[in-house]
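# Residue-level structural notes
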Amino acid sequence: MIIENSEVVLSVRDLTANVNGTPILKGVNIEVKSGEVHAIMGPNGSGKSTFSKVLAGHPAYEVTGGEVIFQGQNLLEMEPEERARSGVFLAFQYPLEIPGVSNLDFLRVAYNSRRKAQGLEEIDAFDFDDLIEEKLDVVKMNPAFLNRSLNEGFSGGEKKRNEILQMALLEPKLAILDETDSGLDIDALKIVANGVNQLANPENATIMITHYQRLLNYIVPDYVHVMAQGQILMCGGKDLALELEARGYDWVLEGTEVGV
Amino acid sequence: MSIEVSPSPISNTLVDKDAYLSGLLDKVVASKSEGWLQDVRESAADWVRQLKLPTTRDEEWRFADLSSLREVQFNVETFLPNITPFVLPEANNNCLVFVNGVYAPELSAVSGLPDGVVVSNLANLPGGYDERVRQYLAQASGNSEVFTALNTAGMTDAAVVWVGKNVVVETPISLVFVAVGEGRIALPRCLMVAESGSQVTLVEEYTNRTDAKNSEEERVYFNNAVTEVWVEENAQVSHTRIECDGAEAFHVGKTAVMQARCSRYSCNAVSLGARFSRHNLEIFQTGEQTETTLNGLTMIKGKQLGDTHSAIALNHPHSVSRQLHKCIVGDRAHGVFNGKVFVPKPAQLTDARQLNRNLLLSSKARVDTKPQLEITADNVKCAHGATVSQLEDDEIFYLQSRGIDANDARNLLINAFAAEIINQIPISSLRETLTQTVSRF
């Protein structure tokens, strides 16, 4: 929701970044305020996923210029774990399978590291069980998944649900959902979208990165940005997504070439 | 009943003498035993005289170079220093402690065992057992291999665990072989016989760890250990072997297991210590329908070498074997795994699986792996495989992105890799100790 005079959560100015020496981001600008839901759409290879990884601090992406201010702090100076602890959450396009690490233990360690950063006491396994029970409901997840290894053998939909479960637990200030809808059937998509909608509130903000307009039927954005060739070329309201769906991305690219 | 896999004895005249080995043999045979034990020792000494220490030109020792062993002149020590070794809380009433291969009665405690169970050193066996032990001691297949024969030749005592027919031993039995002092060779020896229908858990530990925490970490010594396990018909043995020798030690260990019809044997072998560590784990099947589970974990760093050679020699139908061996190799360390499974014609309907997984923690770390299945039976299910991997940056990043710092993320991943083996160990205090060891790795 768009709220008058709400605080700026994320401010990105002229961000440029390389992967293996190749420039991918070529001057990204975006401002996200508390309570807002932004969608970043764009064709494959436009730099959408790179943008999300740069925000989360992936070491393979080298920032070459610009600034990213998150709640008044320089995000680019922070380690990935510090970003997470201060409230940035990236839901992965391809969540990793980590055999041997129990999902429950992982969730507890992650939760406690966030608590510690907030100056709160860590909670024990017993209290954590109660808490996670409640969060499972957000994504209608079977408790049996807690005792399995992290994402190991999970289906695509189960992995994405597990990402949203982590988000529910960590209660981020800024959630970045990277292609959270890709590979999901419509039932799984509804569950995941419903989870995200439950978690959105006036105190936090969401950036959805997606290739498909379909997701936006279930999570309605306040703003839609079109990314191509490493830049955000166009911004608009939720109707822009429909226009993109009807006319394709080429239309945006053609527009820029003639200087529109 | 024994199956011979060692090289056939070679005539004396054809072999150049191995002067280093002769010198070692002279030292270990110096103190004599009585009666049949001396006979067993002398025939083993004769084998040793015909053999040489292997070199890297021997296929079985290609990656385990013993030349640094040859640079050290080891001595036999018979006095007992005053130490307090670490003993498992689960087994503090069923524990034999040997210091430098010599039985330490004041450190050992055996009480409350069911009738029909004997846990004793060879010299103090209760009446009637001497003759029975004689049927088994040094009789397992592969007994003429050079290090095994050297151990037998110098065997003045041994740990004996005897479990009578149909006896179930609830508490684990712990054997601790502590090494203290500099430049000596110890010949730890263990015999376990699980009679038909019995059930027992054995923990065998090689360590230089004592409560005294004296700064003896860097001592050079040589543990040449041999353990024979006889699992009789329908008996079940759970065996955990921890090699945690000092950072400068040499360890060559043999575990020979004779599995009779319908028996079940599982081994969890963990190698952490020694600059040179070799474990020869050999299973000989003497009847059908056996079950064998081998779990192994080698965790080495610095310039350590950790070599595991296992062999499962089947010769009867309907057996199941499962093997998972993992190596975690850091710094410039070198892990070696060679796992043989023999499935000859008579071993029809065998179900054998073997997997070796390796985690390399540095660019200088090295692993040589050779899973080796030799199958001539035509109606069997056999599978084997090996993987070598590193910690993935993406995995670490995933954990970091949830607020876990990079170092903790690495530890979590290494722990997870090791946990698959450690969690198989049936003793909780050992699991905890090993988990802590992994966290500090």
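Please read all numbers here as calculations on a predicted model, not as lab measurements.

For the rest of this paragraph, the subject is the overall build of chain A. Secondary structure assignment for chain A yields eight helices and twelve strands. Here chain A has a C-alpha radius of gyration of 18 Å; the compact-globule value for 260 residues is 18 Å, and the two agree. Based on the C-alpha atoms only, the size of chain A along its principal axes is roughly 60 × 40 × 40 Å. Once local pairs closer than 6 in sequence are excluded, the contacts in chain A between residues at least 24 apart make up 73%.

For the rest of this paragraph, the subject is the overall build of chain B. Across its full length, chain B carries eight helices and 21 strands. The C-alpha atoms of chain B give a radius of gyration of 21 Å, which matches the 22 Å a tight globule of 441 residues would have. Reported as C-alpha extents along the three principal axes, the dimensions of chain B are approximately 70 × 55 × 55 Å. Here the contacts in chain B between residues at least 6 apart in sequence split such that 81% fall between residues at least 24 apart.

Let us look at the interface of chain B and chain A. Facing the 18 residues of chain B at the interface are 20 residues of chain A. Counting residues per element, the side of chain B that touches chain A draws most heavily on helix α7 (residues 406–422) of chain B, which supplies seven residues. Along the lines of polarity and charge, the residues of the side of chain B that touches chain A split into nine nonpolar, three polar and six charged.

Once that is clear, we can look at the packing of helix α2 (residues 35–49) of chain B against helix α5 (residues 146–153) of chain B. Angle between the axes and distance between the axes are the two parameters that describe a pair of packed helices. All names here are of chain B. Remark: α2 packs on α5, axes separated minimally by 7 Å, with the N-to-C direction vectors making an angle of 145 degrees. Relative to α5, the crossing made by α2 is left-handed. Each of Val40, Arg41, Ala44, Ala45, Trp47 and Val48 in α2 lies in contact with α5, whose residues at this interface are Val146, Ala149, Leu150, Thr152 and Ala153. Within the contact of α2 with α5, the residues separate by chemical class into nine nonpolar, one polar and one charged.

The subject of this paragraph is the nonpolar core. Membership of the largest hydrophobic core comes to 197 residues, with the highest contact counts inside it found for A:Phe89, A:Ile176, B:Val231 and B:Ala418. Top contributing element to this core by residue count: α7(B), with ten residues. Shared between two domains, this core holds at least three residues of each, these being domain 1 (19–287) and domain 2 (403–441) of chain B.

Residue and element names in this part refer to chain A. Spatially, six strands are ordered β6-β9-β10-β3-β11-β12 in an open sheet, and the strand pairing comes out mixed. Bordering the open sheet on either side are β6 (88–91) and β12 (231–236), each of which pairs with just one other strand. Between one strand axis and the next, the sheet turns through 20 degrees on average, direction left out of account. As defined by bridge partners, strand β3 (residues 37–41) adjoins strand β10 (residues 205–210) across five bridges and the pair is classed as parallel.

Residue and element names in this part refer to chain B. Partitioning chain B into domains gives domain 1 (19–287) and domain 2 (403–441). Between the C-alpha centres of domain 1 and domain 2 there is a distance of 28 Å. Opposite the eleven residues of domain 1 that make contact, domain 2 presents nine residues. Those elements giving two or more residues to the side of domain 1 that touches domain 2 turn out to be β9 (199–207), β11 (236–244) and β13 (264–271).

Residues and elements named next belong to chain B. Among the ten residues of strand β17 (residues 320–329), seven are classified as buried, and the element is accordingly described as predominantly covered. By the bridge criterion, ten bridges tie β17 to strand β19 (residues 351–360) in an arrangement that is parallel. Paired with Arg322 across the strands is Arg353, a residue of β19.

Let us look at the confidence of the model for chain B. Residues and elements named next belong to chain B. On average, chain B scores 91 in pLDDT, and the residues at 70 or more come to 93%. Here residues 8–14 is a poorly scored stretch, pLDDT under 50, and it has six contacts once near neighbours within four places are set aside; other chains count. As scored by the predictor, the complex reaches a pTM of 0.84 and an ipTM of 0.94.

Cut-offs used in this document
- Residues numbered from 1 in each chain as written.
- Chains lettered and ligands numbered in written order.
- Predicted model: local features only at pLDDT ≥ 70, side-chain atom pairs only at ≥ 80, totals over all residues.
- Helix = DSSP H or I, 4+ residues; strand = E, 2+ residues; numbered from the N terminus.
- Rg over C-alpha atoms; globule rule 2.2 N^0.38 Å.
- Contact = placed C-beta atoms within 7 Å.
- Nonpolar A, V, L, I, M, F, W, Y, C, P; charged D, E, K, R; others polar.
- Axes fitted to C-alpha atoms, helices over the stretch in contact; angles between N-to-C directions.
- Left-handed = near helix turned anticlockwise from the far one by under 90°.
- Core = buried A, V, L, I, M, F, W, Y, C linked by C-beta atoms within 7 Å.
- Buried ≥ 20, exposed ≤ 12 C-beta atoms within 10 Å, placed from the backbone.
- Domains from an automatic or database assignment.
- Pairing = 2+ DSSP bridges.
- pLDDT = per-residue confidence, 0-100.

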